[in-house]
Amino acid sequence: MALLLALLVVAYIGSLWASARGGRSFGSASGAEYVVLGCLLGPRVLGVVGDEALRSFEPVAHVALAWIALGYGLECGMVGDRPARLSRNLLAIVFTAVTACTAGAAVYFVGSRLEVEARPSLAVLSVALGLVSAETTRHALRWVTERHLVRGPLTELVQEVAAADDAFVLMGVAFLFALATGQLEVGTVLVPEWASAGATLGTGIVLGAATAWLVARAPRHVEWWTLLLGAAWIATGATTRVGLSAMAATFAMGLTLSVASREAGALRTMVMSTEGPVLLPALLLAGAHLTLPKGTAESAIVGAAVAGRLVASYSAGTLLASVRPSTRRAAGWLGLGLLSSGTLTMMVAFATRLRFDGAVGRLALLTAAVGTLLGELVGTFALRRALASAGELGEREPAPEAPAAPEAAS
Amino acid sequence: VSAGAASKGLGTRAGQLLVLLTVLGLFALVHAARQSGESSGELVAATGLLLLSGMLVAELLEPLRLPHLTGYILAGVLAGPHVLHFIGHDAVKRLELINTLALALIALAGGLELKMSDVRVAARGVAFTMLTQSPLVLIAQGALFVALAPHIPFTRDLPFPMLVGIAVLWGVLAVSRSPSATLAILSQTRAKGPLTRFSLAFVMSSDVVVLVMMASALSLTRPLIEPGASISLEKLQSVGHELLGSVSLGTTLGLVLIAYLRLVGRQVLLVLVAIGFALTAGVQYLRFEPMLTFLTAGFVVQNMSSQGEKLLHKIEETGGVVFVIFFATAGAHLDLPLLASIWPIALALCGSRFFVTWVAHRAGSAWAGESDLIKRWGWCGLVSQAGLTLGLAGILARTFPTVGEGLRSLVIATVAINEVVGPILFKLGLERAGEVQNKG
């Protein structure tokens, strides 16, 4: 009970902090400061929160992560209130896939030459580290646009590409968790891994479609909350029980709702109003789960993943900016600018940490944290420079008094 | 309830049924699968299932003009450990934590609904009806219990003095009502008018009356049930402490809430969730009465500040979720095998309770000079029983281990009937009185 209350207090502080900033994304682009704070409070540094306490938080963490993924699904492919162009969505998926594959390949290459605890599951480790190295810059861009007046083709391009970068990662997580579960026994039938991954996404799609249909016939927002929570918790609980990815299922549910519901905008607003109270405690918990690598071999693996990401992101960013003459000057900076990773990376890594007890979970979370901090130090600055190089960065006029922020979960 | 309920045609109902079957089918698949992940997933999924299926069953029952609450209970029964086994006994037990919060919010909303001006208007009628209801129901139910004793397994061989003692306790239990069911029906129907005012004031105040009656009955009947024990005023003293403590704490909480709403006013729901969990644990530790504490807090906010409507609106926003979880869990809790084994006794006790409640109400409201509307339909809101009755039965089971468990089983069986029939009657009464704003 005391721990639950502590979490509620953190959520409360987080939501006040978020609303006090007039709707700005809280603190840094990736929320890295909360990860660091969690790490400091966790069992490995100050020990304010012990291992047992962390374990008791796990059920709450599963629900929180899945809820956050529902929000990602609802926002996927959207730039503000408008959908991004399909070509840009596909481009985002390709870029994310290439980044994930590059980082994963680097991990596999290094891991196969070293003696590490995760050697028997090197393929799983490579997939996991590839996925937590793949996300690009939605939050970083949001961070920049909240502080500067940015407008132009490069801004639009990056916005649209970043809008759909969650899709590949979260669908990949469905596959990763299915790999960990192995063949699933349903009665007397053995379900292969690929089918389990499909079932994870299928569960989300079916529940999303059902919720969209029910929402259209329930005029009161109170009922929408009941429907959203009910469907999301079914997806979360059902997948978690059999070891599949709740985040992937709720992401698919959110994406389906976004596509199929006429009320998607209102649903998006409802779910995103809870982002602060849910996300900040989740980042703190993720930080508290962080551990240092065991030996140089594990450090090398993390290094390989980060290096793979660096190479892929830099290449992708450079290529992206070089296509148009007007944005060519920003090519180098944009390559580094795409290094920023948002909260999705930490959340996926945290979910992986909860699912995989051993080196896979530990290294995935560590890689995400290192990548996030690196992106925070380099990426946001580089993105700003890229936009300035392209002549798209101006000074924002002082904002008028912000209206009262919407209530969380209201 | 959806405003568009009336326009929901066969296609919509078929669609809702299809969604319900799909969700249940998904659950059947998940249950057939070997568990290879977190066991906590089962609890999360169970909560989701209760929410979604509760809402769908309630919608499907709408054409029968049954209250949504009945649908929630039915969904709980369906998904629970006695029918489809999707939600096991363990999950039902673990859901009690969520119920704690639900009950706190329900009680707070109950207090917020009680405006001093309304209470003043209804006070005379409530007082006179309470004065007739309480003794008449107690005596009639106690007498019937004694008469039925040869047919009740745990009372068959009891000596007469002991039987009388248990019959008195049974009579007190029969006087208790369900504030949560009353509030759930009012939340659904958005009813306004004299019957609504009367029912709300009566049911909320009967909470206090029943606590005092139970404490007195425990003190007086102890020598009858436990040979060698003497009449002790200790229990009465502890109830006085419980009531005063609850009211004091509730008043303090109310004042704190007023200050928060005035000075900060943000993230009210998050604050309520934290207070709901923390204060319930604290109140239970202090052996105060949580329901009364939150009821008082709501009453203070409504009548000592201008923040009442704001807070009530916030709680109402959660209404769908809170009521569905609370009553669907209650449905999953229902012990169907037990009900099947003693249903004739339970039915006889419930039937006589309806009748005596009706007679006592007619007498009390005539004495108070109430309007014809209250005289005719006022009893409908006094039939429901739920959490408070079960809580009191739990206290009896602990106080008198030899007969308490049997008594509790019988209470569970009768509450099962009253929990289903009571809300239907109350909704019917409100409809007949023309006070229902939401016709869904």
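Keep in mind it's a predicted model, so treat the numbers as computed, not measured. (Residues numbered from 1 in each chain as written. Chains lettered and ligands numbered in written order. Predicted model: local features only at pLDDT ≥ 70, side-chain atom pairs only at ≥ 80, totals over all residues. Heavy atoms only, no water.)

## Some points on the overall build of chain A
The number of helices and strands found in chain A is 17 helices and six strands. Counting over 410 residues, chain A shows a buried share of 61%. Sequence-distant contacts in chain A: of pairs separated by 6 or more residues, those separated by 24 or more amount to 81%. Summed over all atoms, the accessible surface of chain A reaches about 15,300 Å², with 66% contributed by carbon and sulfur. (Helix = DSSP H or I, 4+ residues; strand = E, 2+ residues; numbered from the N terminus. Buried < 20%, exposed > 50% of the residue type's maximum accessible area, 1.4 Å probe, protein only. Contact = heavy atoms within 4.5 Å. Areas by Shrake-Rupley, 256 points an atom, 1.4 Å probe, with all protein chains shown as cover.)

## Concerning the interface of chain B and chain A
Taken residue by residue, the interface counts 62 residues in chain B and 53 residues in chain A. Between chain B and chain A, the buried area comes to about 4,500 Å², and carbon and sulfur atoms account for 69% of it. Here chain B and chain A share one salt bridge between them. Among the ionic pairs, B:Glu42 bridges to A:Arg241, the shortest N-O distance being 3.7 Å. The interface formed by chain B and chain A contains three residue pairs in polar contact (both at pLDDT 80 or more). Residue assignment for the side of chain B that touches chain A shows that the elements contributing at least two residues are α1 (10-32), α2 (40-61), α11 (268-285) and α13 (308-333) of chain B. Its residues assigned to classes, the side of chain B that touches chain A shows 32 nonpolar, 20 polar and ten charged. (Buried area = accessible area lost by both parts, 1.4 Å probe. Salt bridge = Lys/Arg side-chain N within 4 Å of Asp/Glu carboxyl O. Polar contact = N/O pair within 3.5 Å; in protein donor to acceptor, adjacent residues only side chain to side chain. Nonpolar A, V, L, I, M, F, W, Y, C, P; charged D, E, K, R; others polar.)

## Notes on the pattern of salt bridges
Under the definition given, this model contains 14 salt bridges over all chains. A:Arg85 serves as the salt-bridge partner of A:Glu160, at 3.2 Å between the closest nitrogen and oxygen. Taken together, the residues A:Glu160 in helix α7 (residues 153-163) and A:Arg85 in the loop between β2 (82-83) and α4 (86-111) connect sequence positions 75 residues apart. We note a salt bridge from B:Asp372 to B:Lys375, for which the minimum N-O separation is 3.8 Å. Linking B:Asp372 with B:Lys375, this pair stays in helix α15 (residues 372-377), spanning three residues, or about one helical turn. By relative accessible area, B:Asp372 is classed as exposed at 59%.

## So, the nonpolar core
Within the largest apolar cluster, 262 residues are counted, with the highest numbers of intra-cluster contacts made by A:Met347 and B:Leu311. When residues of this core are assigned to their parent elements, the largest contribution, 15 residues, is made by helix α9 (residues 194-225) of chain B. Not counting the four nearest positions on each side in its chain, A:Met347 is found in contact with A:Leu65, A:Ile68, A:Tyr72, A:Met247, A:Leu279, A:Ala282 and A:Leu283. A:Ala174, A:Val186, A:Leu244 and B:Ala33 belong to the second-largest nonpolar core, a separate cluster that totals twelve residues. (Core = buried A, V, L, I, M, F, W, Y, C linked by side-chain atoms within 4.5 Å.)

## Re the packing of helix α3 (residues 51-75) of chain A against helix α10 (residues 221-241) of chain A
Residue and element names in this part refer to chain A. Between α3 and α10, the least distance of the axes is 10 Å, while the angle of their chain directions is 120°. It follows from the interaxial angle that α3 and α10 lie oblique. For the pair α3 and α10, the crossing hand works out as right-handed. Within the contact between the two elements, α3 uses His62, Val63, Ala66, Trp67 and Leu70 and α10 uses Trp225, Leu228, Leu229, Ala232, Trp233, Thr236 and Thr240. (Axes fitted to C-alpha atoms, helices over the stretch in contact; angles between N-to-C directions. Parallel < 35°, antiparallel > 145°, perpendicular 65-115°, else oblique. Left-handed = near helix turned anticlockwise from the far one by under 90°.)

## Points about helix α11 (residues 246-260) of chain A
Residue and element names in this part refer to chain A. Between its first and last C-alpha, α11 extends 21 Å over 15 residues, near the 21 Å set by a 1.5 Å rise per residue. Within α11, twelve of the 15 residues are buried, leaving the element largely enclosed by the surrounding structure. Those residues of α11 that fall on the buried side of the exposure criterion are Ala246, Met247, Ala248, Ala249, Thr250, Phe251, Ala252, Met253, Gly254, Thr256, Leu257 and Ser258. The distance from a side-chain oxygen at the start of α11 to the backbone nitrogen of Met247 is 3.4 Å, and the residue carrying that oxygen is Ser245. (Expected span 1.5 Å × (residues − 1).)

## Some thoughts on the confidence of the model for chain A
On average, residues of chain A carry a pLDDT of 84, and 89% of them reach 70 or more. This stretch, residues 402-410 of chain A, has a pLDDT under 50; its non-local contacts, to residues over four places away or in other chains, come to 21 contacts. (pLDDT = per-residue confidence, 0-100.)

## Some words on a nonpolar patch on the surface
All names here are of chain A. Together, Val36, Leu37, Leu40, Val45, Leu46, Val48 and Leu373 make up a nonpolar patch on the protein surface, roughly 600 Å² of accessible area in all. Looking at the nonpolar patch, the element that brings in the most residues is helix α2 (residues 32-41), giving three residues. Mapping Leu37 onto the fold places it in helix α2. Classification of Leu37 as partly exposed rests on a relative accessible area of 38%. (Patch = residues over 30% accessible without salt bridge, like charges linked within 9 Å, V, L, I, M, F, W, Y side chains within 5 Å.)

## A few points about the state of the cysteines
Residue and element names in this part refer to chain B. Per the stated rule, a full pass over the model turns up zero disulfides over all chains. Residue Cys350 stays outside any disulfide, its sulfur separated by 16 Å from that of Cys380, the closest cysteine. Exposure remark for Cys350: the relative accessible area of 2% places this residue in the buried category. (Disulfide = S-S within 2.5 Å.)

## Concerning the packing of aromatic side chains
Pairs of aromatic rings are described using the distance from one ring centre to the other and the angle between the two planes. This structure, assessed with the given rule, holds nine aromatic pairs over all chains. Aromatic pair B:Phe128 and B:Trp367: ring centres 4.5 Å apart, planes at 70°, arrangement edge-to-face. Here B:Phe128 is found in helix α6 (residues 116-148), whereas its partner B:Trp367 is found in helix α14 (residues 336-368), with 239 residues between them in sequence. For B:Phe128, a relative accessible area of 19% puts it in the buried group. By relative accessible area, which is 48% here, B:Trp367 ends up partly exposed. Taking the ring centre of A:Phe356 as reference, the NZ or CZ of A:Arg355 above it sits at 6.0 Å. The ring of B:Phe128 carries the charged tip of B:Arg124 above its face, separated from the ring centre by 4.7 Å. (Phe/Tyr/Trp six-rings, centres within 6.5 Å; stacked < 30°, edge-to-face > 60°. Lys NZ or Arg CZ within 6 Å of the ring centre and 35° of its normal.)

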